[in-house]
Amino acid sequence: MKICLGSLKNKPIFCGNIPETRPTKQRIRKCIFDVIQHRFFGDFSKISVLDGFSGTGVFGFEAISLGARFVQFAENDQAAAHSIARSISTLGIQDKCSLFVGDLLALKSALGFDLIFLDPPYFHDLVAGAVRYLLLNNNIETAKRKVGERSPPVSQTTHRDARGTTVVATNRPFQRFLT
């Protein structure tokens, strides 16, 4: 897998063979970042990002490649976290990010995040609980944007192919996810 945008474009990231990890396709990532960059954040250099349920870390790496000030990765799976750490080291971006290995719901951060990616394993209802926790424990009520990927009913589909369905949801304010 390669980063598809920004200063690290075409640089490889490690993703290993981790059953619960399903990397988001390049064309979907490009679409997500085009929308975020052009509709919400023109300049990534001023934003801090949380890549929750990081998996391969690809969302965080794309954000760093576009100039994000800082990215906090959070990944519970040890093998996936090892791949993220290896990619961070290989890309030489240790000063631009931090990796929290453990349950996202145990993350304690003094940072306020401008952009939050939540891409949990499919068929696990984790997004709403994660947003509640982050709102209550991480002082992110001022976050400008959250992006989540989930497996909802087909009627909400934004992209569909032979391998399945991908839905990208952006929400502002967070309260929409809390009901």
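See the structure shown above.
Now for the pairing of strand β1 (residues 48-52). Burial of β1 is extensive: five of the five residues sit out of reach of the surface. Burial along β1 is two-sided: the face carrying Ser48, Leu50 and Gly52 and the face carrying Val49 and Asp51 are both buried. Inspection of the sheet shows β1 paired to strand β2 (residues 70-75) by five bridges, in the parallel sense. The residue of β2 that forms the bridge with Gly52 is Ala74. What joins β1 to β2 is helix α2 (residues 58-65), and the crossover it makes is right-handed. Bridge count between β1 and strand β4 (residues 115-118): four bridges; the pairing is parallel.

Under the defined criterion, the tally for this structure stands at two salt bridges. Residue Glu62 pairs with Arg29 through a salt bridge whose shortest N-O separation is 3.1 Å. With a gap of 33 residues between them, Glu62 in helix α2 and Arg29 in helix α1 (residues 26-40) connect regions that are remote in the sequence. Given the relative accessible area of 0%, Glu62 is considered buried. Under the relative-accessibility criterion, Arg29 is labelled buried at 2%. Across the salt bridge formed by Asp34 and Lys30, the nearest N and O atoms sit 3.1 Å from each other. Pair noted here: Asp34 and Lys30 are both in helix α1, with a separation of four residues, about one helical turn.

Here we take up the packing of α1 against α2. Their axes nearest at 11 Å, the elements α1 and α2 cross at an angle of 50°. Viewed along their axes, α1 and α2 adopt a mutual orientation that is oblique. The handedness of the crossing between α1 and α2 is right-handed. Judged by residue contacts, Arg29, Ile32 and Phe33 of α1 engage Val58, Phe59, Glu62 and Ala63 from α2.

Once that is clear, we can look at the environment of His82. By secondary structure assignment, the location of His82 is in helix α3 (residues 78-91). Distance in space between the C-alpha atoms of His82 and Val101 is 9.1 Å, their sequence separation being 19 residues.

What counts and how
Residues numbered from 1 in each chain as written. Predicted model: local features only at pLDDT ≥ 70, side-chain atom pairs only at ≥ 80, totals over all residues. Heavy atoms only, no water. Buried < 20%, exposed > 50% of the residue type's maximum accessible area, 1.4 Å probe, protein only. Helix = DSSP H or I, 4+ residues; strand = E, 2+ residues; numbered from the N terminus. Pairing = 2+ DSSP bridges. Right-handed = clockwise from strand over helix to strand, strands pointing away. Salt bridge = Lys/Arg side-chain N within 4 Å of Asp/Glu carboxyl O. Axes fitted to C-alpha atoms, helices over the stretch in contact; angles between N-to-C directions. Parallel < 35°, antiparallel > 145°, perpendicular 65-115°, else oblique. Left-handed = near helix turned anticlockwise from the far one by under 90°. Contact = heavy atoms within 4.5 Å.

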